[in-house]
Amino acid sequence: MSVAIVGCKDNNGGENPPVETLENYSKEPAFVFGMPGFENLKITTLISSSDKLSGSPEFVFAGQPDGAGFMKDDKSDGFLMISNHEITQSVSRVYLDKNFKPIKGEYIMDGTGGSTRLCSATLASTEEHGFSAFLTAGESGEESMVHKLDPLGSVAQRSDKNRVKPALGKASMENAVPLPKDVSNGKTYILIGEDQSYGSGHQSAGQLILYVADQQGDLDNGKLYALKRSNNDYIETNMKKGSSYDVEFVEIPNAKKKTGKEINQANIENKAIRFSRVEDVDYRKGAGNGREVYFTATGQSGDGETPTEGFTMWGRVYKLNMDAKDMLKGKLEVIAEGDSDPGNNLINPDNLCVTENFVYIQEDGDSYYKAAKHDSYIWQYNMATKTYKPWLNMKHERNNADWQKNYNQSGNLQKFGSWEFGAMTDVSKLVGIPNTFAVNIHSHTWQDDKFANADGSGAVTNKEGGQVVIIRNVQR
């Protein structure tokens, strides 16, 4: 089974015959455009919430498509797209034909089964990770958990709440990312970002969590750890760009049976690093590179103007090099940050896509910081030069009355950062076209009653729309 995995993990099923054509398959225009210097990007639409699919005309592709994964459909000459929709707590499965055109859709998890907001996700494969599953992380408070779904599972299970994995802990989680099997030495290593800000009721803030099991694919019997500095300094802003810090993962004993609140207390006692909202995690692609890990800290501010002492406000991207001899130890550094140039540099980095040579940093600027000077970007970080620049921008057309009428029902489109990016996924090998990626878009201000209750569960009635685009000529 050929698989393209969220977070730009490559399909490892071998090269596929090229898709003959990639066209604009949505009735809506693309919501993004390339930044100066990247005019060669070829952008086409895949699906939007307003589209009617021939094989399921009642299906609505819900808003806030966040985590996603693509795979070959072994029952046809087409493909499958698995997407979790954050606000509706649901996971959709869209069938694509041999030319990647959406033809049918359904929900393999609805809002009842999801129970919590579902942020980013990872489609793990036997070829890449040693086991197969769609891991989608709950993010609605400290008792949320990771769901393990069968991407080919029956829609009859869509309301099943019992697919969670307590051994992976309880927290407000963004993503659960297994490391590739070529660096895991027969074990399972899963990195989890805790998207939690500091507050009086949650003093441990956000953590980088690691689950380790002795067998590949064992999500029930492993141990849970959180990242700490070897000198016990847990203050985030004591780490500066340009320096490297010794770190280690410290165990959270008996985590499987602990509540989220108890896990938070253990992190305080263990002096785990208190990050401001760890969101997405991804690893460098290429043989033997999977121990080079990148993750974001989105940042926080109580009033949109003032930093919270000890925490990034505008956001950071970290690089963790895990030790080959002992993967519970490593070196940590800041590679990108927005605090030194507020409003012009990074603004609340959220999702990440890491290739062999680049890190694509996807922003979520809808905290509406007052000093923000640009919309949500995707930045391209060059590993070789250690520099980054804006790569993709949102199309808001603020002076276009028709655009505002069509896509600004909430009235917030005049604000910087009113839309955000979800997953960015490498589908190059799957479609047989080099340097081809999918990008998810949360077009928050685009609202329509027809989009409400998209999964049919009635659990969430949010009426936002969303979109997925395909981008070619992406540097890897």
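Residues numbered from 1 in each chain as written. Predicted model: local features only at pLDDT ≥ 70, side-chain atom pairs only at ≥ 80, totals over all residues. Heavy atoms only, no water.

Taken in spatial order, the five strands make up an open sheet running β2-β23-β22-β21-β20, and their pairing is antiparallel. Here the strands that pair on one side only, and so sit at the sheet edges, are β2 (32–34) and β20 (349–354). Geometrically, the sheet is characterised by an average inter-axis angle of 30° between neighbouring strands, direction not taken into account. Looking at chain direction, strand β22 (residues 377–382) and strand β23 (residues 387–394) are connected through six bridges and run antiparallel. Each residue of the ladder has a partner; that of Gln380, found in β23, is Lys389. (Pairing = 2+ DSSP bridges. Helix = DSSP H or I, 4+ residues; strand = E, 2+ residues; numbered from the N terminus. Axes fitted to C-alpha atoms, helices over the stretch in contact; angles between N-to-C directions.)

The next point concerns unusual backbone geometry. Here Lys386, not a glycine, exhibits a phi torsion of approximately 60°, which is positive. In this structure, Lys386 sits in the loop between β22 and β23. Residue classification places Lys386 among the exposed residues on the basis of a relative accessible area of 55%. Even without glycine at this site, Glu397 takes up a positive phi of about 45°. With respect to the helices and strands, Glu397 occurs in the loop between β23 and α5 (401–407). (Buried < 20%, exposed > 50% of the residue type's maximum accessible area, 1.4 Å probe, protein only.)

The strand order across the open sheet built from nine strands is β11-β12-β13-β14-β15-β19-β18-β17-β16, with neighbouring strands paired in antiparallel fashion. Bordering the open sheet on either side are β11 (173–178) and β16 (278–283), each of which pairs with just one other strand. Taken over all neighbouring pairs, the strand axes of this sheet differ in orientation by 30° on average, direction set aside. Alignment of strand β15 (residues 245–251) against strand β19 (residues 329–337), held across four bridges, turns out to be antiparallel. Along β19, the bridge assignment pairs Tyr245 with Leu332.

Nonpolar side chains tend to gather and get buried jointly when the protein is soluble and globular. Of all hydrophobic cores here, the largest spans 51 residues; its most connected members are Leu46, Phe70, Phe100, Trp391 and Met424. Per element, the largest residue contribution to this core is five residues, and it comes from strand β25 (residues 436–447). Every residue in contact with Phe100, bar those within four places of it in the chain, is listed here: Val19, Leu22, Tyr25, Leu46, Phe70, Phe79, Leu430, Val431 and Ile470. By size, the runner-up hydrophobic cluster in this structure holds 28 residues, among which are Val183, Val247, Phe275 and Val293. (Core = buried A, V, L, I, M, F, W, Y, C linked by side-chain atoms within 4.5 Å. Contact = heavy atoms within 4.5 Å.)

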